[in-house]
Amino acid sequence: MAEIRLTSVGQGQTKIRNIPTALTQEGFWCCPSPVVFQNTIKAQNPSNKTKPSSPTPKTTVQKKQTPFNERKPPPTPLRSAVVSDDQRNRCSDTPDVSVSIVNERTPRLKIESLPRKVAIEFGEPGTSDMKVVLLGKQGFCVKLSVHKKVLEENSSFFANKLSEEESNMSCLEIDDCEDVEIYVETMGLMYCKEMKQSLIKQSVSRVLRILKFAELLSFNTCIQSCLEYLEAVPWVGEEEEEKVVSLVTRLQNEGIGVTPVLKRVFSTVANPSKDTISHIMELVLKSNEEKGRREIKSIVLKLLRENSSLPSYAGSSYICNETIYSSCRICLNSLLSLFKKAAEPEFTDKPVNSKQTVVKQIALEADNLSWLLEILADRQAADEFALMWSSQQELTALHSKLPIVSRYHVSCITSRLFVGIGRGELLPSKDTRHLLLQTWLQPLISDYSWLQHGCRSFDRKVVEEGIGRTILTLPLENQQTILLSWLGTFLKSGDNCPNLQRAFEVWWRRTFIRPYME
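Residues numbered from 1 in each chain as written. Predicted model: local features only at pLDDT ≥ 70, side-chain atom pairs only at ≥ 80, totals over all residues. Heavy atoms only, no water.

## A look at the overall build of the chain
Item 1. Counting its secondary structure elements, the chain contains 22 helices and 6 strands.
Item 2. Looking at the chain as a whole, 44% of its 518 residues are labelled buried.
Item 3. Long-range pairs, those at least 24 residues apart, make up 71% of the contacts in the chain between residues at least 6 apart in sequence.
Item 4. Here the chain displays about 29,200 Å² of accessible surface, and carbon together with sulfur accounts for 51% of that area. (Helix = DSSP H or I, 4+ residues; strand = E, 2+ residues; numbered from the N terminus. Buried < 20%, exposed > 50% of the residue type's maximum accessible area, 1.4 Å probe, protein only. Contact = heavy atoms within 4.5 Å. Areas by Shrake-Rupley, 256 points an atom, 1.4 Å probe, with all protein chains shown as cover.)

Structure follows, in structure tokens:
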């Protein structure tokens, strides 16, 4: 950090203020922001206030000390001299000036009465042939000593301005400058030989501010350097990424080449979604590593949930659902093949390792189907899955031939379907719901005792509520058939059978009470 000596006249005396500013690698001074400028004056000179002629409302301003270290600038041919206008006119009559902080909402005063004036000289001292005056929106004034040749060579904006005015014009005033500090730094970059080195230690947000002014000034060399920086530097967080993409996309619409930057977020491939998602699904479904599968399944589920929020015209939802159902059919075929293998009479005589391998594969395929069902239910697209599962009569026939420790995983899929229908996450047709109960309710009852004691994720109350609600969506005659069949099983098995008493009571009232009440 370095110092700017700012003079202001108050009560007939000259006051010296030290303002911290940044020294660039090229040897020019960056103008301090108005907030830093004002806070520094306030912090270092708390007693330096002139008494107002009339009482004014008090403005509460939070004081914040601005720490800085003095550092001598490195030897360089490019220097900056910072001098206040008040020093130059020390002999003239000067009114009393207050240096207290001005609230941002206060209307901008006349430039002639403001103490916040600094002068910056670029290049070799004493060689400038033009002044550029920047008038900030907060009343902050910066007078730049520059060179016409440098401005004309680097900026189409200044070249056009100078060509429109008289050739001997020596001063150009820019009013309502939004960001004086960055404007000065952007103009200072016109004097840099290695612009990339000047940007390399800047933050992404600051380079975006520089890029914005470089665009306004048509400073093409700076624009290109900023784009090269943004293409190479990491973007931290989604908010920063959105800022970069927003500004760069706007530049693209104005005909500026920004393709290298946008390649980071936009693919040049016409439609990579289907193949990419299919490949990811395949990797997850074939993995045997439990921890890796669990974590990636959770991530993919989250990302697909975000994908489902896209508008329907994007077409990505259809592509994704098609890919998921393709994986479902593959897993179902594999599960059926494994059930057939485990149901063979000679399977019991095989070595233990061989039997354990088949059991693990059954568990893996069932877990894959449960995960795919979860994705489809989350995307409100699981109706077709319910139909596919209801149509697995061959799998149901093999179910009773396998030991319960091998087969109970498929009952977890059935339970999830009943829960989904009971919650309204799935809306399969009446025939599908009826077929699902006919095909899979009895196998579920057969595995119910094991599910309660051997499956951690099994929630008995949620499953029983889902089964009951699914039954009650059917016509009254179908409800009666299923509930009477359940009643006979429940009276024999007790807790080893789903407790559907609530559904039974609703059916009873619908059958024996409601007709007479009406």
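Still to come is the rest of the account.
## Structural notes on the nonpolar core
Item 1. If you look at the biggest cluster of nonpolar residues, it comprises 70 residues, and the most contacted ones within it are W371, F385 and W389.
Item 2. Among the elements that take part in this core, helix α13 (residues 316-343) stands out by supplying 11 residues, more than any other.
Item 3. Those residues within four positions of F385 in sequence are excluded, and the remaining contacts are Y325, C328, L369, L373, L376, I413 and L417.
Item 4. V142, L162, L208 and L217 belong to the second-largest nonpolar core, a separate cluster that totals 54 residues. (Core = buried A, V, L, I, M, F, W, Y, C linked by side-chain atoms within 4.5 Å.)

## Let's talk about helix α8 (residues 220-232)
Item 1. Taking 1.5 Å of rise per residue, the 13 residues of α8 would be expected to cover 18 Å, and the 19 Å separating its terminal C-alpha atoms lies within 8% of that figure.
Item 2. All of the buried residues in α8 are C222, I223, S225, C226, L227, Y229 and L230.
Item 3. Where α8 is buried, its residues touch α6 (195-199), α7 (204-216), α9 (237-253) and α10 (259-262). (Expected span 1.5 Å × (residues − 1).)

## Concerning a negative patch on the surface
Item 1. On the surface, a cluster of negative charge is contributed by E238, E241, E242 and E306.
Item 2. For the negative patch, the element with the highest residue contribution is α9, accounting for 3 residues. (Patch = residues over 30% accessible without salt bridge, like charges linked within 9 Å, V, L, I, M, F, W, Y side chains within 5 Å. Salt bridge = Lys/Arg side-chain N within 4 Å of Asp/Glu carboxyl O. Lys, Arg positive; Asp, Glu negative; His and termini not counted. Charge placed at Lys NZ, Arg CZ, Asp CG, Glu CD.)

## Remarks on the sheet that holds strand β6 (residues 171-177)
Sheet strands associate in pairs through backbone hydrogen bonding, adopting either a parallel or an antiparallel arrangement.
Item 1. The strand order β3-β5-β4-β6 describes an open sheet built from 4 strands, whose pairing is mixed. Each of the sheet's edge strands pairs with one partner strand only, and the pair in question is β3 (117-121) and β6. The sheet shows a mean angle of 15° between the axes of neighbouring strands, taken without regard to direction.
Item 2. Bridge count between strand β4 (residues 130-136) and strand β5 (residues 141-146): 6 bridges; the pairing is antiparallel. Within β5, the position partnered with L134 by the bridge is V142. (Pairing = 2+ DSSP bridges. Axes fitted to C-alpha atoms, helices over the stretch in contact; angles between N-to-C directions.)

## Quick word on the pattern of salt bridges
Item 1. Under the defined criterion, the tally for this structure stands at 20 salt bridges.
Item 2. One salt bridge in this structure joins D378 and R305, with 3.0 Å as the shortest N-O distance. Of this pair, D378 sits in helix α14 (residues 352-378) while R305 sits in helix α12 (residues 290-307), and the two are 73 residues apart along the sequence.
Item 3. Here the residues in one salt-bridge network are D179, E181, E185, R206 and R209, joined through shared partners.

## Thoughts on unusual backbone geometry
Item 1. Not every positive phi belongs to a glycine, and D176 is a case in point at roughly 55°.
Item 2. Backbone geometry places Q380, a non-glycine residue, at a positive phi of 55°.
Item 3. One can find Q380 in the loop between α14 and α15 (383-390).
Item 4. Take Q380: its relative accessible area is 70%, and that puts it in the exposed class.

## Focus on the pairing of β4
Item 1. Where burial is concerned, most of β4 is hidden: 6 out of the 7 residues are buried.
Item 2. Hairpin connection from β4 to β5: 4 residues lie between these consecutive antiparallel strands, with G139 at a positive phi of about 85°.
Item 3. For β4 and β6, the ladder comprises 5 bridges, and the chain directions are parallel. Paired with V132 across the two strands is L172, which belongs to β6.

## A short note on the state of the cysteines
Item 1. The final tally for this structure, using the stated rule, is 0 disulfides.
Item 2. Free cysteine C141: the closest other cysteine sulfur is in C171, separated by 9.5 Å.
Item 3. On the accessibility criterion, C141 (5% relative accessible area) is buried.
Item 4. Here C222 is not disulfide-linked; the sulfur of C226 is the nearest cysteine sulfur, at 4.0 Å. (Disulfide = S-S within 2.5 Å.)

## Focus: the environment of L262
Item 1. Position of L262 among the secondary structure elements: in helix α10.
Item 2. Judged by relative accessible area, L262 falls into the buried class, the value being 7%.

## Details of the packing of aromatic side chains
Item 1. Here the structure, examined in full by the defined rule, presents 13 aromatic pairs.
Item 2. Here the aromatic rings of Y408 and W450 are separated by 6.0 Å at their centres, their planes lie at 50°, and the arrangement is tilted. With a gap of 42 residues between them, Y408 in helix α17 (residues 404-423) and W450 in helix α19 (residues 448-454) connect regions that are remote in the sequence.
Item 3. The exposure class of Y408 is buried, given its relative accessible area of 12%.
Item 4. An angle of 80° between the planes, with centres 6.0 Å apart, marks the rings of W507 and F512 as edge-to-face.
Item 5. Aromatic rings pair up to connect W486, F490, F504, W507, W508 and F512 into one cluster.
Item 6. When the ring centre of W235 is taken as origin, the NZ or CZ atom of R264, which lies over that ring, is 4.0 Å away. (Phe/Tyr/Trp six-rings, centres within 6.5 Å; stacked < 30°, edge-to-face > 60°. Lys NZ or Arg CZ within 6 Å of the ring centre and 35° of its normal.)

## Describing a nonpolar patch on the surface
Item 1. Together, W508, F512, I513 and M517 give the surface a local cluster of nonpolar side chains, amounting to about 440 Å² of exposed area.
Item 2. As for its placement among the helices and strands, I513 is situated in helix α22 (residues 501-517).

## A closer look at the side chain of E464
Item 1. Along the chain, E464 falls in helix α20 (residues 460-472).
Item 2. A distance of 2.5 Å separates a polar atom in the side chain of E464 from a polar atom in the side chain of R460.
Item 3. Ignoring any residue separated from it by four or fewer positions in sequence, one finds E464 in contact with Y448, C497, P498, N499 and L500. (Polar contact = N/O pair within 3.5 Å; in protein donor to acceptor, adjacent residues only side chain to side chain.)

## Some points on the packing of helix α18 (residues 430-446) against helix α21 (residues 476-493)
Item 1. For the pair α18 and α21, interaxial distance at closest approach is 12 Å and the crossing angle is 5°. With respect to each other, α18 and α21 are oriented roughly parallel. Contact with α18, carried on its side by H434, L437, L441 and I445, involves N478, I482 and T489 of α21 and no other residues of that element.
Item 2. A breakdown of the residues in the contact of α18 with α21 according to their chemical character gives 4 nonpolar, 3 polar and no charged. (Parallel < 35°, antiparallel > 145°, perpendicular 65-115°, else oblique. Nonpolar A, V, L, I, M, F, W, Y, C, P; charged D, E, K, R; others polar.)

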